Amino acid sequence: EPEVTQTPSHQVTQMGQEVILRCVPISNHLYFYWYRQILGQKVEFLVSFYNNEISEKSEIFDDQFSVERPDGSNFTLKIRSTKLEDSAMYFCASTLTGPTGELFFGEGSRLTVL
Amino acid sequence: DQQVKQNSPSLSVQEGRISILNCDYTNSMFDYFLWYKKYPAEGPTFLISISSIKDKNEDGRFTVFLNKSAKHLSLHIVPSQPGDSAVYFCAASAFYGGATNKLIFGTGTLLAVQP
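All figures in this text were calculated on a predicted structure; none of them were measured in a lab.

Would you mind going over the interface of chain A and chain B in detail, with residue names and values included?
If you look at the interface, chain A gives 19 residues, while chain B gives 22 residues. Summed over both partners, the interface of chain A with chain B comes to about 1,800 Å²; 60% of that surface belongs to carbon and sulfur atoms. The tally of links between chain A and chain B comes to one salt bridge. Measuring nitrogen to oxygen at the nearest pair gives 4.0 Å for the salt bridge that ties Glu56(A) to Lys102(B). For the pair chain A and chain B, the interface holds one residue pair in polar contact (both at pLDDT 80 or more). Put simply, the parts of the chain that give the side of chain A that touches chain B at least two residues each are strand 4 (31-37), strand 5 (43-50) and strand 6 (53-57) of chain A. The greatest single-element share of the side of chain A that touches chain B, amounting to four residues, is contributed by strand 4 of chain A. Here the residues of the side of chain A that touches chain B sort into nine nonpolar, six polar and four charged.

Break down the sheet that holds strand 1 (residues 5-7) of chain A for me, with residues and values.
Pairing between the strands of a sheet comes from backbone hydrogen bonds, and it takes one of two forms, parallel or antiparallel. Residues and elements named next belong to chain A. Taken together, the four strands give an open sheet; going across it, the order is 1-3-8-7, and neighbouring strands pair in antiparallel fashion. Across the chains shown, the open sheet's two edge strands, defined by having one partner strand only, are strand 1 and strand 7 (65-68). Put simply, the sheet's adjacent strands are angled 15° from each other on average, direction ignored. Sheet topology places strand 7 next to strand 8 (residues 75-79); four bridges connect them, and they run antiparallel. Following the sheet pairing, Val67 is matched in strand 8 by Leu77.

Quick one: what's the story with the side chain of Ser19(B), residue by residue and with numbers?
Examined against the element boundaries, Ser19(B) turns out to sit in strand 3 (residues 19-25). Setting aside its immediate chain neighbours within four residues, Ser19(B) contacts Leu11(B), Val13(B), Leu75(B), His76(B), Ile77(B), Ser80(B) and Leu111(B).

Outline the pairing of strand 6 (residues 56-59) of chain B, listing residues and values.
Residues and elements named next belong to chain B. When strand 6 meets strand 7 (residues 62-67), the two strands line up antiparallel, connected through four bridges. If you follow Asn57 over to strand 7, its bridge partner there is Val64. What sits between the antiparallel neighbours strand 6 and strand 7 is a turn of two residues, in which Gly60 has the positive phi angle 65°.

So what's going on with the environment of Gly60(B)? Residues and values would help.
By the secondary structure assignment, Gly60(B) is in the loop between strand 6 and strand 7. The spatial distance from the C-alpha of Gly60(B) to the C-alpha of Leu21(B) is 16 Å, given a sequence separation of 39 residues.

Outline a nonpolar patch on the surface, listing residues and values.
Together, Leu30(A), Tyr50(A) and Leu96(A) make up a nonpolar patch on the protein surface, roughly 250 Å² of accessible area in all. The class for Leu96(A) is partly exposed, based on a relative accessible area of 39%.

Which residues make up the pattern of salt bridges, and what values go with them?
Within the structure shown, the criterion is met by four salt bridges over all chains. One salt bridge in this structure joins Glu44(A) and Arg36(A), with 3.4 Å as the shortest N-O distance. Linking Glu58(B) and Lys56(B) is a salt bridge whose minimum nitrogen-to-oxygen distance equals 4.0 Å.

Calculation criteria
- Residues numbered from 1 in each chain as written.
- Chains lettered and ligands numbered in written order.
- Predicted model: local features only at pLDDT ≥ 70, side-chain atom pairs only at ≥ 80, totals over all residues.
- Heavy atoms only, no water.
- Contact = heavy atoms within 4.5 Å.
- Buried area = accessible area lost by both parts, 1.4 Å probe.
- Salt bridge = Lys/Arg side-chain N within 4 Å of Asp/Glu carboxyl O.
- Polar contact = N/O pair within 3.5 Å; in protein donor to acceptor, adjacent residues only side chain to side chain.
- Helix = DSSP H or I, 4+ residues; strand = E, 2+ residues; numbered from the N terminus.
- Nonpolar A, V, L, I, M, F, W, Y, C, P; charged D, E, K, R; others polar.
- Pairing = 2+ DSSP bridges.
- Axes fitted to C-alpha atoms, helices over the stretch in contact; angles between N-to-C directions.
- Patch = residues over 30% accessible without salt bridge, like charges linked within 9 Å, V, L, I, M, F, W, Y side chains within 5 Å.
- Areas by Shrake-Rupley, 256 points an atom, 1.4 Å probe, with all protein chains shown as cover.
- Buried < 20%, exposed > 50% of the residue type's maximum accessible area, 1.4 Å probe, protein only.

What follows is the structure, given as structure tokens:
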């Protein structure tokens, strides 16, 4: 069964460092998302991406965050200068038809900022 | 800003009985609702959805009920099985209104099905 894959599964970084989280969505999907879950809290929307551009972003997704789909398969989330409060599980998701279709999530990348 | 609320952080049910998970929302623009299941160290997995033009959707052991006037939905699992033990998230979107394509998640309910 096709799946969304994410790397790394866990990354530990120092505050102020840049981090890139990578995702390979399901190959025929058209809509891509990043969500995050801070420990003990709800899953929060960060950004959606369609047709090679950001279609929507939340207030969390400030200038420190960026997304890219550089080669038609990978979908990356970059945090330019990490803060302690960026520590969370980051989930990539993709879907063929937008959110009314099944949204497939990856297993997540745990980011720990020290 | 809790637009989607799951007021029960946990629920314990005996195997074979019905599990009822509840969700309330405040935004009247929401027109599409979903339930996701999450095991530890895994991403959420889609279970079932319902659009605002319906009040019930059924898929095997899972049924979602929507009460628009009360801004309330519930997920029924019957019969419950030990493998159903997981965190269940309710999510909502205002997708059909054209305003957004993001999902707003509730805080989740941990379901424990006792053998």
